[in-house]
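# Examining the three-dimensional arrangement
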Amino acid sequence: YIRVILISLLFSFTIMMNRRDFFTTTALGSAASILTPSLNFAFPAKVPQAKMKLSFKPFTLELKHAFGVAVNTRTTTPLVLTTIEYGKFKGYGEASMPPYLGETQESVMKFLSKVDLSKYENPLELDTILSAIDALEPGNTAAKASVDIALHDLAGKIMGQPLYNVWGLNKEKTPNTVFTIGIDTPDMVRKKVQEVDPQFKLLKIKLGRDNDREIIEAVRSVSDKPLVTDANQGWKDKERALETIHFLKEKGAVLIEQPMPKEMIDENAWITERSPIPVIADESIKRFGDLIKMKGMYHGVNLKLMKTTGLREAQKMITVARAFGMKVMIGCMTETSCAITAAAHLTPLVDWADLDGALLSKNDAFKGITFVDGKITLPNAPGIGAVPR
Ligand code: MG
């Protein structure tokens, strides 16, 4: 009898303990969610207090093929790799600066040297920290993205969760990535397409010089995959642009990106009104404010972390673009698998993904997402899940 009483006492004590633990955890959880409204997690009870420390170094990404778009051709992309340390945790980020966008390794490092993370107590207060960094100086979108990405990686690692879990997204819902074929001679285009055609479900074809039809015919001579097409502001006459878009549709194009220069707002809108396939803004929409200004001018938007200042603003832009009834694509610059994998965590929310940037490089500094038959496959590790090689 006494044994029964002892056992039941022990049992109720255990229940009380569990209930008390439960209340403690819940209280911590709601405190954390008040601090960081868009991140849906509880700050783990045993994170040692530490100071955040940002470090950065230049890195040159070498490309496998010379990469041609309407405005230029290049063989390398300058990057700056960032790390934010917090106790035993390390978050990784990066800035990528294709030369025509105006930022350089020097400008990024100059900006980053003004960022002082040591004054923030809670690394999960992304809203406070990233808003303050954004306010330091206008522009510098890639530099800002390099902090945003590293901070998200760090936050996920502290929580012990991959970003898709932090955001409540289903990792099975990632789309196929497109694989990009830069502007080249018809022979080289055929060769590049043959190299990658079996591995990808969609090809992205760069257009906008004077050989659009020749390039498309070259692609079609070796592949029947659907095509994502991108004129990169290369077309200057709206009537001819529309004619070309009709030709592209006949040849199996599913969308056209940035047909005319971003300054030609009315001409681009004229094309959007008449185009038989969705017209997607890329150069025209960098940040949140541009999305609002360009409402109704395009069917959709191509978001890139190096334009949006990172994941946080990209997420807000996806929400607003959807409210405007727009299609959403997530793209990239030539980047390592660090920034590419970061962007990939948002892809369960979008219609198309163009995240082949790391595959175009010879010296990817990270291991991250993989592609299974072209489908984006996210790593399960906490944070971004990209690991330095
Ligand atoms: Mg584009």
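To start, this report covers the structure provided alongside it. (Residues numbered from 1 in each chain as written. Predicted model: local features only at pLDDT ≥ 70, side-chain atom pairs only at ≥ 80, totals over all residues. Heavy atoms only, no water.)

Attention now goes to the packing of helix H2 (residues 105-112) against helix H4 (residues 141-159). Close contact between H2 and H4 brings their axes to 9 Å; oriented N to C, the two are set at 55 degrees. It follows from the interaxial angle that H2 and H4 lie oblique. Crossing handedness for the pair H2 and H4: right-handed. Between H2 and H4, the contacting residues are Val 108, Phe 111 and Leu 112 on the first element and Ala 143, Lys 144, Ser 146 and Val 147 on the second. Of the residues contributing to the contact of H2 with H4, the split by class is five nonpolar, one polar and one charged. (Axes fitted to C-alpha atoms, helices over the stretch in contact; angles between N-to-C directions. Helix = DSSP H or I, 4+ residues; strand = E, 2+ residues; numbered from the N terminus. Parallel < 35°, antiparallel > 145°, perpendicular 65-115°, else oblique. Left-handed = near helix turned anticlockwise from the far one by under 90°. Contact = heavy atoms within 4.5 Å. Nonpolar A, V, L, I, M, F, W, Y, C, P; charged D, E, K, R; others polar.)

Going through the model one piece at a time under the given rule, you end up with 21 salt bridges. Note that Glu 273 is salt-bridged to Arg 274, the shortest N-O span being 3.6 Å. Two residues, Arg 389 and Asp 364, come together in a salt bridge whose shortest N-O distance is 3.8 Å. Pair noted here: Arg 389 is in the segment after strand S15 (387-388) and Asp 364 is in the loop between strand S11 (352-353) and strand S12 (366-367), with a separation of 25 residues, a long-range link. (Salt bridge = Lys/Arg side-chain N within 4 Å of Asp/Glu carboxyl O.)

Once that is clear, we can look at the pairing of strand S9 (residues 300-303). Because side chains alternate across S9, one face comprises the buried residues Gly 300 and Asn 302, and the other comprises Val 301 and Leu 303, equally buried. Bridge count for strand S8 (residues 279-281) against S9 is two bridges, and the pairing is parallel. Across the sheet, Ile 280 pairs through a bridge with Gly 300, a residue of S9. Read as a crossover between parallel neighbours, the route from S8 over helix H10 (residues 288-293) to S9 is right-handed. The sheet contact formed by S9 and strand S10 (residues 327-330) spans four bridges and is parallel. Counted as the bridge partner of Leu 303 is Ile 330 from S10. (Buried < 20%, exposed > 50% of the residue type's maximum accessible area, 1.4 Å probe, protein only. Pairing = 2+ DSSP bridges. Right-handed = clockwise from strand over helix to strand, strands pointing away.)

Glancing now at the sheet that holds strand S3 (residues 89-96). The three strands lie next to each other as S1-S2-S3, forming an open sheet whose pairing is antiparallel. Both outer strands of the open sheet, strand S1 (53-68) and S3, are each paired with one neighbouring strand and no more. Here the average twist between neighbouring strands, direction ignored, is 25 degrees. Sheet topology places strand S2 (residues 73-86) next to S3; eight bridges connect them, and they run antiparallel. Residue pairing for S3: Tyr 86 is matched across the bridge by Phe 89. Packing of H4 onto the sheet brings it into contact with S2 and S3, and relative to S3 it is tilted by some 155 degrees.

Summed over all chains, the structure comprises three aromatic pairs. Grouping aromatic residues by their ring pairs yields a cluster made of Phe 179, Phe 200 and Phe 371. A cation over a ring is seen here: Lys 295 above Phe 324, with NZ or CZ 5.1 Å from the ring centre. (Phe/Tyr/Trp six-rings, centres within 6.5 Å; stacked < 30°, edge-to-face > 60°. Lys NZ or Arg CZ within 6 Å of the ring centre and 35° of its normal.)

The subject of this paragraph is the environment of Glu 217. Its place among the elements puts Glu 217 in helix H7 (residues 212-220). The class of Glu 217 is partly exposed, set by a relative accessible area of 39%. Taking C-alpha positions, Glu 217 is 9.4 Å from Arg 190, a pair spaced 27 residues apart along the chain. Here Glu 217 is in contact with Phe 247 and Lys 251, once residues within four sequence places are set aside. Within the local environment of Glu 217, its side chain forms a polar contact with the side chain of Lys 251, the two groups lying 3.4 Å apart. (Polar contact = N/O pair within 3.5 Å; in protein donor to acceptor, adjacent residues only side chain to side chain.)

With that out of the way, let us pick up the pairing of strand S5 (residues 202-206). With five of its five residues buried, S5 lies for the most part within the structure. Note: strand S4 (residues 178-181) against S5, four bridges, orientation parallel. Bridge pairing links Phe 179 to Leu 203 in S5. Where S5 and strand S6 (residues 227-230) come together, four bridges link them in parallel fashion. Across the sheet, residue Lys 204 finds its bridge partner in S6, namely Val 228. For the handedness criterion, the β-α-β arrangement of S5, H7 and S6 is classed as right-handed.

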